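Residue-level structure breakdown
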Amino acid sequence: MSIDNELLQLAREREDKTEGALAEMLMEQPDRLRRQLRVYLSRQVDRGRMKRTDEKIPQLAAIQGGVTELACPNAGFSAGARLQFNIQLEQKQRGWLVKRFRFHVHLPPGRSINMVLIHLNAEVGHDPLRIPRCHMHIGDSQAHVPFPIMDPRLILHLICELVELDFGV
Amino acid sequence: MIDFSATTAFRLVRQLAVAGRDAPSIYLLVCETAAMGAVRTDLEAEVQVQLGVDLRSLSSAEVQPERLGDVFSHGTAWPVILITLDRWLPKLADSFDRNIVLLARSGTVLFVAGRDIAERVLAAAPNLRNRLTDILLITPDETFGDPPA
């Protein structure tokens, strides 16, 4: 097998693992997840890390195809960074699964990195070597850096405790 | 007619979380009758998510005035009891009033009632009224936002 084919094979295997991890990651009901994320954000406010958030954030919305979306259109960190995220959940026979998410952190001026984006695409792409389903963008880079599958609550925690504090400082 | 400060289950339970389990409290939560089910659901979910305990929810019919000890005896680290006063039961209001010390030692006690019954309870149970942490107008959570464009 050529090295090119072997790399493609390895990338496909990584995507298979991603799919397996997603299929195993049963989530809370969307309303409960909404409440958990809301209280997490409000505790960041209590600690002085974030500016006061709207009590209605994140908002739930039923969208096409039996998918429910949790959206936080804008939350501000006290140090100037801004966070947006949306998480799409799909109800399957076994429970709720994550279908797609987008976490966007816009870091404050003065940082060497202006933003960090963490995406889970809705479907596996045709070129897993170039675009892994779950990936991260750093700054304005178009590079899709593979990102491990994890519970969106954990991603929010990583953003609040690591990315926002440390990236580009 | 009395005006009460407005709250939601989210805000109320945040207050409870900040005060902590060592601060017993009794709240009278006034709400529209039609919204009572939604408010109860919100309270149950918020108590579980924010305090990590199960809310014990009872209707007034499930509380026997002569056996309040059964309701307010608790085996959990942070008992949170919700009693929905969905009908006017003078004997029950009187029993709450006479057993106010028991209520005040029972962790967090939440009474939910429509405005009419809330005002009757306040008039008929002066000891309870005096020991209330607060009287709040509670509305259900606005769960769903606008659909995304």
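Refer to the preceding data block for the structure.
Now for a description of the structure that goes with this document. (Residues numbered from 1 in each chain as written. Chains lettered and ligands numbered in written order. Predicted model: local features only at pLDDT ≥ 70, side-chain atom pairs only at ≥ 80, totals over all residues.)

Quick word on the overall build of chain A
What counts is decided by this rule: By the criteria applied, helices consist of DSSP H or I runs no shorter than four residues and strands consist of E runs no shorter than two, each listed in order from the N terminus. In this description the radius of gyration comes from C-alpha coordinates, and the expected globular size is given by 2.2 Å times residues to the power 0.38.
Each helix and strand in chain A was counted, giving 3 helices and 7 strands. Seen in sequence order, chain A has helices and strands lined up from the N terminus as α-α-β-β-β-β-β-β-β-α. Taking 169 residues into account, the globule formula puts the C-alpha radius of gyration at 15 Å, and chain A, at 17 Å, falls close to it. When the backbone C-alpha atoms are referred to their principal axes, chain A occupies close to 55 × 45 × 20 Å.

With respect to the overall build of chain B
Quick reminder of the rule: Comment: burial labels come from other C-beta atoms within 10 Å of the residue's own C-beta, placed from the backbone, where a count of 20 or more is buried, 12 or fewer is exposed, and between is partly exposed. For every residue pair, C-beta atoms are placed from the backbone, and the pair is scored as a contact if these atoms sit within 7 Å.
Regarding its fold elements, chain B presents 7 helices and 6 strands. Starting at the N terminus, the α and β elements of chain B follow one another as β-α-β-α-β-α-β-α-α-β-α-α-β. In terms of overall size, chain B behaves like a compact globule, its C-alpha atoms giving a radius of gyration of 15 Å where 149 residues would be expected to give roughly 15 Å. In terms of principal-axis extent, the alpha carbons of chain B reach across some 55 × 35 × 25 Å. Burial status across chain B gives 35% buried among its 149 residues. Expressed as a percentage of contacts within chain B between residues at least 6 apart in sequence, the contacts between residues at least 24 apart total 88%.

Focus: the sheet that holds strand 5 (residues 115-120) of chain A
All names here are of chain A. Which entries qualify depends on this criterion: What makes two strands pair is DSSP finding at least two bridges between them. For helices, the fitted line uses only the C-alpha atoms of the stretch in contact; every axis is such a line through C-alpha atoms, and the angle between N-to-C directions lies from 0 to 180 degrees.
Reading across from one edge, 1-2-3-4-5-6-7 is the order of the 7 strands in this open sheet, with antiparallel pairing throughout. Since the sheet does not close on itself, it has two edges, and those belong to strand 1 (59-63) and strand 7 (145-146), each with one partner. Each of strand 1, strand 2 (67-76), strand 3 (82-92) and strand 4 (95-106) is contacted by helix 2 (residues 30-46), which is oriented at about 10° to strand 2, the strand it contacts most. Across the face of the sheet, helix 3 (residues 152-166) comes into contact with strand 3, strand 4 and strand 5 while running at roughly 15° to strand 4.

Quick word on the sheet that holds strand 5 (residues 108-113) of chain B
Residue and element names in this part refer to chain B. Spatially, the 6 strands line up as an open sheet ordered 1-6-2-5-4-3, and their pairing is parallel. The open sheet has two edge strands with one neighbour each: strand 1 (5-8) and strand 3 (55-59). In this sheet, adjacent strand axes meet at a mean angle of 30° when their direction is disregarded. Pairing of strand 3 with strand 4 (residues 80-85) involves 5 bridges; the strand directions are parallel. In the sheet register, Ser59 faces strand 4, and the bridge partner there is Thr84. Against the sheet, helix 1 (residues 9-19) contacts strand 1, strand 2 (25-30), strand 5 and strand 6 (134-139), and its axis sits at roughly 85° relative to strand 1.

With respect to the interface of chain A and chain B
Filter applied, for reference: Residue classes follow a fixed rule: Ala, Val, Leu, Ile, Met, Phe, Trp, Tyr, Cys and Pro count as nonpolar, while Asp, Glu, Lys and Arg count as charged, and any other residue, Gly among them, counts as polar.
Across the contact, 15 residues belong to chain A and 13 residues belong to chain B. Every element with two or more residues in the side of chain A that touches chain B is listed here: helix 2, strand 1 and strand 2 of chain A. No other element matches the 7 residues that helix 2 of chain A contributes to the side of chain A that touches chain B. Across the side of chain A that touches chain B, the residue classes break down as 5 nonpolar, 3 polar and 7 charged.

Regarding unusual backbone geometry
Phi is mostly negative for residues that are not glycine, and the peptide bonds are mostly trans. In this structure, the amide linkage connecting Ile57(A) to the following residue, Pro58(A), adopts the cis form with an omega of -5°. Note on placement: Pro58(A) falls in the loop between helix 2 and strand 1.

Some words on the pairing of strand 3 of chain A
Two faces, one strand: in a regular strand the side chains alternate between the faces of the sheet. Across 8 bridges, the pairing between strand 2 of chain A and strand 3 of chain A is antiparallel. For Ala71(A), the partnering residue across the bridge sits in strand 3 of chain A and is Asn86(A).

What about helix 2 of chain A?
Where we set the bar: A helix is expected to span 1.5 Å for every residue after the first.
Between the first and last C-alpha of helix 2 of chain A there are 24 Å, a value that for 17 residues agrees with the 24 Å anticipated at 1.5 Å per step. Residues of helix 2 of chain A that are buried include every one of Pro30(A), Leu33(A), Arg34(A), Arg35(A), Leu37(A), Arg38(A), Leu41(A), Ser42(A) and Gln44(A), and no others.

Description of helix 3 of chain A
Residues and elements named next belong to chain A. The criterion, for reference: Bend is computed residue by residue as the angle between axes fitted to the seven residues ending at the residue and the seven residues starting at it.
With 15 residues, helix 3 extends 20 Å from end C-alpha to end C-alpha; this agrees with the ideal 21 Å at 1.5 Å per step. Bending of helix 3 peaks at approximately 40° at the position of Ile159. For helix 3, every residue scored as buried is listed here: Pro152, Ile155, Leu156, Ile159, Cys160, Val163 and Glu164. Elements that come into contact with the buried residues of helix 3 comprise helix 2, strand 3, strand 4 and strand 5. Looking one or two residues past helix 3, Gly168 carries a phi angle of roughly 75°, positive in sign.

Some thoughts on the packing of helix 1 of chain B against helix 2 (residues 36-51) of chain B
Residues and elements named next belong to chain B. To keep it simple, the criterion reads: Take the far helix as the reference: if the near one is turned anticlockwise from it by less than a right angle, the crossing is left-handed, and if turned clockwise, right-handed.
One can describe the packing of helix 1 onto helix 2 by two numbers: an axis separation of 9 Å at closest approach and a directional angle of 35°. The hand of the helix 1/helix 2 crossing is right-handed. Contact residues: Ala9, Phe10, Val13, Arg14, Leu16 and Ala17 in helix 1; Val39, Asp42, Leu43, Glu46, Val47, Gln50 and Leu51 in helix 2. Taken together, the residues of the contact of helix 1 with helix 2 sort by class into 9 nonpolar, 1 polar and 3 charged.

Points about the packing of helix 2 of chain A against helix 2 of chain B
Stated formally: Just so you know how the angles are binned, under 35 degrees is roughly parallel, over 145 roughly antiparallel, 65 to 115 roughly perpendicular, and the rest oblique.
As a packed pair, helix 2 of chain A and helix 2 of chain B sit with axes 10 Å apart at the nearest point and diverge in direction by 50°. Here helix 2 of chain B runs oblique to helix 2 of chain A, going by the angle between their axes. Two packed elements cross with a definite hand, and for helix 2 of chain A against helix 2 of chain B that hand is right-handed. Where helix 2 of chain A approaches helix 2 of chain B, its residues Arg32(A), Arg35(A), Gln36(A) and Val39(A) are matched on the opposing element by Ala45(B), Glu46(B), Val49(B) and Gln50(B). Residue classes in the contact of helix 2 of chain A with helix 2 of chain B are distributed as 3 nonpolar, 2 polar and 3 charged.

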